[in-house]
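Each chain, letter by letter, is given below.
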Amino acid sequence: MQLASPIFLILLIVIPLMLIVWRQLPRRTRLPVIRFSDFNHGFAAGVQKMRQALSVKAMPLLKVLRFIVLSLLIITLARPQLSQSREHSIAQGIDILLVLDISESMRAEDFAGSNRIQTAKSVIKAFLAHRENDRIGVVIFAGESFTLCPLTLDYAVLAELLSDVEIGQLEDGTAIGDALATATHRLRALASKTKIVILLTDGENNAGSIAPETAASLAASDGIKVYTIGMGKEGGARIPYADTTFGKRYREVLTYLDEGTLKQIANTTGGIYFRATDTESLKQIYAEIDRFEKTKFETINTVVRKELVGYFLIPTILLLGIEILLSNTVLRKIP
């Protein structure tokens, strides 16, 4: 509780001063007196009996009521208030599109006993677990691009759809330009202040109708930042294939990663290019992007004040009414 006009509390000093003055008054001026002739007809005995009456003994109650009324009135003038602070947090989320390569070369098993596509999906799911209040979607691509999931806040559904992604769902090839153009088209019309694309691939653009450089320029013109990730070890990797006689077998395939194009895309849009050669480095890349692109929170503090004057004014009026009633009835003094 606080007081809007605490200066009025200075008036409280009047109460002890009045009490001192009242104490200093002669006793005969403080007690009710009936003047009567000094002859012996029982008047003295009557007056003495009157002094012992309950109504006379209760006379100091009027003084107490007046002091309480005065105190409450002064506190009312000081305007007591109850302050409540309320805090509102407004989240300004980020729109993120994850663009994932699912071409045949993503079968290569050069990531700690797992292939590239499974490792990428696992790391992306971990990335989703650290986000909140951001709308995230997924675009998959090979020789063509496809929006697997539009922007959503339902990360559980997004992770489930990602789990079902398999190589071979799309025509084979690596259409980086088309994939980036698809992501740009999804983001360009949105009113969000921060729009991000995280593009992961292990090859070079060899399919599609849009050049990666053209798609990067379109993204930059719409204020979209693109982080590019080149996945895979240098020197090629083993890609499994099914042999009807011997079952699962491997063939050594040299997968060419066009780092120059990925770097150019990142530079054009204000993003960063990363190279992931193992599972741990891929995790660190997504963790670093997670640190770069954080949801912004705006905190608004609101102070609400409730006037408590009524809680003091009402008792003041009631006590004043009681004092007036008593002083004019059962506690009335006869001069």
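Our subject is the structure listed above.
Residues numbered from 1 in each chain as written. Predicted model: local features only at pLDDT ≥ 70, side-chain atom pairs only at ≥ 80, totals over all residues. Heavy atoms only, no water.

1. Concerning the overall build of the protein chain
Scanning the protein chain from terminus to terminus reveals 12 helices and 11 strands. Scored against the burial criterion, the 335 residues of the protein chain give a buried share of 39%. Intrachain contacts of the protein chain at a sequence separation of at least 6 include 80% that bridge at least 24 residues. Total accessible area computed for the protein chain in this model is approximately 19,200 Å², and 57% of it derives from carbon and sulfur atoms. (Helix = DSSP H or I, 4+ residues; strand = E, 2+ residues; numbered from the N terminus. Buried < 20%, exposed > 50% of the residue type's maximum accessible area, 1.4 Å probe, protein only. Contact = heavy atoms within 4.5 Å. Areas by Shrake-Rupley, 256 points an atom, 1.4 Å probe, with all protein chains shown as cover.)

2. Structural notes on the pattern of salt bridges
This structure, assessed with the given rule, holds 7 salt bridges. R107 is paired through a salt bridge with E104; the nearest N and O atoms lie 2.8 Å apart. When its relative accessible area of 28% is taken as the criterion, R107 is described as partly exposed. (Salt bridge = Lys/Arg side-chain N within 4 Å of Asp/Glu carboxyl O.)

3. Here's the deal with the packing of helix α8 (residues 176-188) against helix α9 (residues 212-221)
Two packed helices can be described by the angle between their axes and the distance between those axes. Where α8 contacts α9, the axes come no closer than 8 Å and their chain directions differ by 15°. One way to sum up the angle between α8 and α9 is to call them roughly parallel. Considering how the two elements wind past one another, α8 and α9 form a crossing that is left-handed. Of α9, the residues touching α8 (which contributes I176, G177, L180, A181 and T184) are P212, A215, A216, L218 and A219. Of the residues belonging to the contact of α8 with α9, the class tally is 8 nonpolar, 2 polar and no charged. (Axes fitted to C-alpha atoms, helices over the stretch in contact; angles between N-to-C directions. Parallel < 35°, antiparallel > 145°, perpendicular 65-115°, else oblique. Left-handed = near helix turned anticlockwise from the far one by under 90°. Nonpolar A, V, L, I, M, F, W, Y, C, P; charged D, E, K, R; others polar.)

4. Regarding the sheet that holds strand β6 (residues 195-201)
A sheet is described by the order of its strands in space; here 6 strands give the open sequence β5-β4-β3-β6-β7-β10, paired in mixed fashion. Unpaired on one side and paired on the other, β5 (145-152) and β10 (273-276) mark the two borders of the sheet. Sheet twist, expressed as the average angle between the axes of neighbouring strands with direction ignored, equals 15°. Two strands pair when backbone bridges link them, and strand β3 (residues 95-101) and strand β4 (residues 135-141) are joined in this way by 7 bridges, in the parallel orientation. Paired with I96 across the strands is I136, a residue of β4. In this fold helix α7 (residues 155-163) packs onto β3, β4 and β5, with an angle of close to 160° to the strand it touches most, β5. Together, β3, β4, β5, β6 and β7 (224-231) form the strand contacts of α8, whose direction differs from that of β6 by roughly 160°. (Pairing = 2+ DSSP bridges.)

5. A few points about the pairing of β6
Within β6, 7 of the 7 residues are buried, which leaves the element mostly enclosed by the surrounding structure. Going residue by residue along β6, you find K195, V197, L199 and T201 tucked away on one face and I196, I198 and L200 tucked away on the opposite face as well. Two elements, β3 and β6, share 6 bridges in a ladder whose sense is parallel. Bridging across to β6, L97 finds its partner in V197. With respect to chirality, the unit in which β6 leads through α9 into the neighbouring parallel β7 is right-handed. (Right-handed = clockwise from strand over helix to strand, strands pointing away.)

6. Section: the pairing of β7
Working note: regular strand, side chains alternate between the two faces of the sheet. Most of β7 sits out of view: 7 of its 8 residues are buried. In this structure, β7 lies alongside β10, joined through 4 bridges in parallel fashion. Directly across from T228, in β10, lies its bridge partner Y273.

7. A word on helix α12 (residues 309-327)
When the terminal C-alpha atoms of α12 are compared, their 27 Å separation across 19 residues agrees well with the 27 Å that a helix rising 1.5 Å per residue should span. Those residues of α12 lying buried are T316, E323, L326 and S327. The buried residues of α12 occupy an angular sector of 100° when projected down its axis, which confines them to one face. In α12, the exposed positions that point more than 90 degrees away from the buried face belong to I314, I317, L318 and L325. (Expected span 1.5 Å × (residues − 1). Arc of directions from axis to C-beta.)

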